[in-house]
Amino acid sequence: MPATATDPQTSRTRSWWGWGYTDAHPDDAECIATGALLPGTLARPLPIPRVADLPIGRPAATPPASLAHLVTADPQARAAHAMGKAYRDVIRALRGRPGRIPDLVARPTRDQDVADLLDWAGEHGVAVIPFGGGSSVVGGVEYRGEAHHAVLSLDLTSMGRVLEIDTAARSALIQAGALGPALEAQLRPHGLTLRHFPQSFEFSTLGGWLATRAGGHYATVHTHIDDFVQSLRVITPAGAGTSWRLPASGAGPSPDRFFLGSEGTLGVITEAWMRLRERPRHKASASVAFADFHRALDAVRAIAQSDLAPANCRLLDPGEALLSGASHEGSTVLVLGFESATSPVDARLTAAVDLARAHGGRGEAAPADRDSPPDAAVGAWRSAFLRMPYLRDGLARMGAVVETFETAATWGAVPALIDAVRTEVGAAAAKATGHPATVNCRLTHVYPDGAAPYFTVAVAGRPGDEVEIWDDIKAVATEVLHRHRATITHHHAVGRDHRPGYDLQRPDPFARALRAAKDALDPHRILNPGVLLD
Ligand SMILES: Cc1cc2nc3c(=O)[nH]c(=O)nc-3n(C[C@H](O)[C@H](O)[C@H](O)COP(=O)(O)OP(=O)(O)OC[C@H]3O[C@@H](n4cnc5c(N)ncnc54)[C@H](O)[C@@H]3O)c2cc1C
């Protein structure tokens, strides 16, 4: 089968090594201009890496003739499935040192294909890595072990259709390989939306979101994809199963919750009934500036504990606001957004801005409806949000260490946690590189009982040692999170990179139960070895 990195939906070429489309990559001049925002001097941009320079050998396994039409050993396809899109993945590609490159890439088109591929892999000891959009930032789609003689990347994106819509229950049966834009395009004619917009929306799939319990658009209430799941179909090496479609159920532990977040270790999610919404007709947004970050935290807590339920409630510290062009003269900025399909939201926006002002914020809630342009700072933040991953790759080409990590903790822990991360991770980054480092923070999701701080570390690196430097910085971050009882991940998943933090966080009986479940469903231990469990 032909295997290129061309996106069939858009005819644009996807980068095999970095973020997004190749025609959107920053050129050298934009890399250098962005690099000038960082303290310290950056190196000249590294050249764009070439698949031809990678150490891609002959595949160590050959599928039987009955499966050959589903499988390719094309070097371009193998390279594009070797890693995810974390900073350390981009650096390894740029330095020509990717992880283990899969021997084969399979693109099943129906459930039976998935079952047949799993049967073959189980019989021949071939590791299988389920692959959606490949946007994992935690080493979730690469093989790092030794125990398997061959590795198959199981790419679900040829299963990307909305199969059925139940308008009475306002839900849809959707195949797991649907990428965000194609999924929404199929729902739009029906006036419906899943309305799950992670930053990686363009390049990630429904199956990936479910397998990692992704966090999306909503800053409050429905923050995670979990909230929209009605039923799942999962194919495991030990058999397939579909949960009942129910609006709610109290029948024992939830089978859906069991597979949500299983990160390709227990089975392959092939389709899901998802709860939908009507497309929002009323929208309003505003930004509020604060002189003091800690007072802004109090304001956000007050909003999260009210019944206003903003769709967007992102708090950007001054560094984060500056980077995203939402800056109000060096202040902390709160970006607020409300939306509804049924009723105007202006009153809720005004009430939220009033709460923010009662905690020292400066801002107005301009009257708005669906046709109004968003608040200027909100618009700038949204554009920078989508451009940022491209710029990260540009900075990586110049030897900078630029990466993000996120967490969640209860409100009492949040202020000290953020201060400690800024101080200790900043010091670790400066020590590791010999350059001053910036550690910016934003709150991405907020809850009545706590918040999800998201950090961006940026520092001029030591060209050649960037991966080791980042690993040292991340080890300090993991320790700080653990000390503050903050989770190792709010929505980026565990993968291979977060195993140490996940192992510390989970209760031992739960870890034993997960191992037993793995033994039952994946007896030959072929599915995503090293993720969640040894
Ligand atoms: C720039 C950038 C921005 C991001 N923003 C967000 C964000 O806003 N919110 C967020 O939650 N995450 C975000 N992420 C992380 C990533 O996009 C999410 O983890 C996403 O859910 C992964 O989806 P995917 O389709 O790309 O899955 P992949 O990366 O292909 O796979 C992720 C994991 O799920 C498993 N998997 C994939 N498909 C299936 C399936 N059908 N059945 C079983 N297992 C499967 C894989 O084996 C792997 O372990 C971001 C990443 C990047 C690089």
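Values in this document were obtained by computation on a predicted structure and should not be read as measured data.

Undergrad: Got a sec to walk through the site of the ligand? Specific residues and values, please.
TA: Lining the immediate environment of the ligand, one finds 36 residues, of which P130, G132, S135, S200 and T205 sit closest. The backbone of P130 places a nitrogen or oxygen atom 2.6 Å from an oxygen atom of the ligand. Take S135: an N or O atom from its side chain is 2.5 Å from an oxygen atom of the ligand. Of all the secondary structure elements, the ones that give two or more residues to the shell around the ligand are β3 (126-131), α6 (206-212) and β10 (268-275). Top element by residues in the shell around the ligand is α6. It accounts for five residues. In terms of residue class, the shell around the ligand is made up of 15 nonpolar, 19 polar and two charged. Taken domain by domain, the makeup of the shell around the ligand includes at least three residues from each of domain 1 (22-155) and domain 2 (162-278).

Undergrad: Let's hear about the sheet that holds strand β5 (residues 162-166): which residues, and what values?
TA: Pairing in this open sheet of five strands is antiparallel, and the strands run β5-β6-β10-β8-β9 from one edge to the other. Edge positions in the sheet fall to β5 and β9 (239-242), since each of these pairs with one other strand and no more. The average angle at which neighbouring strand axes cross in this sheet is 10 degrees, direction not considered. In terms of strand pairing, strand β8 (residues 229-236) meets β9 through four bridges, oriented antiparallel. Bridge assignment links I235 to a residue of β9, and that residue is A240. On top of the sheet, helix α4 (residues 111-124) reaches β8 and β10; it is set at about 40 degrees to β8, its chief contact.

Undergrad: Tell me about the side chain of R397, residues and numbers included.
TA: Residue placement: R397 occurs in helix α11 (residues 376-397). Within the local environment of R397, its side chain forms a polar contact with the side chain of D28, the two groups lying 2.8 Å apart. Those residues within four positions of R397 in sequence are excluded, and the remaining contacts are W17, P26, D28, C31, R44, P45, L46, P47, I48 and L94.

Undergrad: I'd like a rundown of the sheet that holds strand β2 (residues 104-106), residues and numbers included.
TA: Here we have four strands laid out as an open sheet, ordered β1-β2-β4-β3, and mixed in their pairing. The open sheet is flanked by β1 (71-72) and β3, the only strands paired with a single partner. Strand direction decides the pairing type here: β3 and strand β4 (residues 150-155), joined by six bridges, are parallel. What sits directly across from F131, in β4, is D155. With respect to the sheet, α4 is in contact with β1, β2, β3 and β4, its orientation differing from that of β3 by roughly 150 degrees.

Undergrad: Can you break down the domain arrangement of the protein residue by residue, with the values?
TA: Per the domain assignment, the segments making up the protein are domain 1 (22-155), domain 2 (162-278) and domain 3 (282-483). Of the roughly 2600 Å² buried between domain 1 and domain 3, counting both surfaces, carbon and sulfur atoms make up 63%. Linking domain 1 with domain 3 are four salt bridges, by the criterion used here. One salt bridge in this structure joins R88 and D471, with 2.9 Å as the shortest N-O distance. Summed over the shared surface of domain 1 and domain 3, the result is 10 residue pairs in polar contact (both at pLDDT 80 or more). Looking at the side of domain 1 that touches domain 3, the elements that each hand over two or more residues are α1 (28-35) and α3 (87-94). When grouped by side-chain class, the residues that make up the side of domain 1 that touches domain 3 number 18 nonpolar, five polar and eight charged.

Undergrad: For the nonpolar core, give the residues involved together with the corresponding values.
TA: With 73 residues, the main nonpolar core has L334, L336, V421 and L443 as its most contacted residues. Looking at this core element by element, the count peaks at eight residues for helix α12 (residues 414-433). Two domains share this core, each providing at least three of its residues, namely domain 1 (22-155) and domain 3 (282-483). The contact partners of L336, leaving out residues within four places of it in the chain, are A284, S285, A286, V288, I303, P310, N312, C313, L349, A352, V353 and V378. Membership of the second largest hydrophobic core comes to 30 residues, among which are L187, L194, Y218 and L276.

Undergrad: Break down α12 for me, with residues and values.
TA: With 20 residues, α12 should cover 28 Å at 1.5 Å per step; its first-to-last C-alpha distance of 28 Å lies within 8% of that length. Buried within α12 are the following residues: V414, L417, I418, A420, V421, V425, G426, A428, A429, A432 and T433. In the core, the buried residues of α12 are packed alongside α8 (293-304), β15 (400-406), β16 (409-410), β17 (438-447), β18 (450-460) and α13 (466-483). After α12 finishes, the residue G434 shows a positive phi value of roughly 80 degrees.

Undergrad: Describe the packing of α3 against α13, listing the residues and the values that go with them.
TA: Contact pair α3 / α13: the axes reach a minimum separation of 9 Å and the direction vectors enclose 165 degrees. Classified by the angle between their axes, α3 and α13 sit roughly antiparallel to one another. Relative to α13, α3 is oriented so that their crossing is left-handed. On α13, the residues touching Y87, R88, I91 and R92 of α3 are E466, V467, W470 and D471. Counted by class, the contact of α3 with α13 contains four nonpolar, no polar and four charged residues.

Undergrad: Account for the packing of α8 against helix α10 (residues 346-358), naming residues and giving values.
TA: At a minimum axis separation of 8 Å, α8 and α10 run at an interaxial angle of 145 degrees. For the element pair α8 and α10, the recorded crossing hand is right-handed. Judged by residue contacts, R295, A299, A302 and I303 of α8 engage A352, L355, A356 and A358 from α10.

Cut-offs and rules
Residues numbered from 1 in each chain as written. Predicted model: local features only at pLDDT ≥ 70, side-chain atom pairs only at ≥ 80, totals over all residues. Heavy atoms only, no water. Near = heavy atom within 4 Å. Polar contact = N/O pair within 3.5 Å; in protein donor to acceptor, adjacent residues only side chain to side chain. Helix = DSSP H or I, 4+ residues; strand = E, 2+ residues; numbered from the N terminus. Nonpolar A, V, L, I, M, F, W, Y, C, P; charged D, E, K, R; others polar. Domains from an automatic or database assignment. Pairing = 2+ DSSP bridges. Axes fitted to C-alpha atoms, helices over the stretch in contact; angles between N-to-C directions. Contact = heavy atoms within 4.5 Å. Buried area = accessible area lost by both parts, 1.4 Å probe. Salt bridge = Lys/Arg side-chain N within 4 Å of Asp/Glu carboxyl O. Core = buried A, V, L, I, M, F, W, Y, C linked by side-chain atoms within 4.5 Å. Buried < 20%, exposed > 50% of the residue type's maximum accessible area, 1.4 Å probe, protein only. Expected span 1.5 Å × (residues − 1). Parallel < 35°, antiparallel > 145°, perpendicular 65-115°, else oblique. Left-handed = near helix turned anticlockwise from the far one by under 90°.

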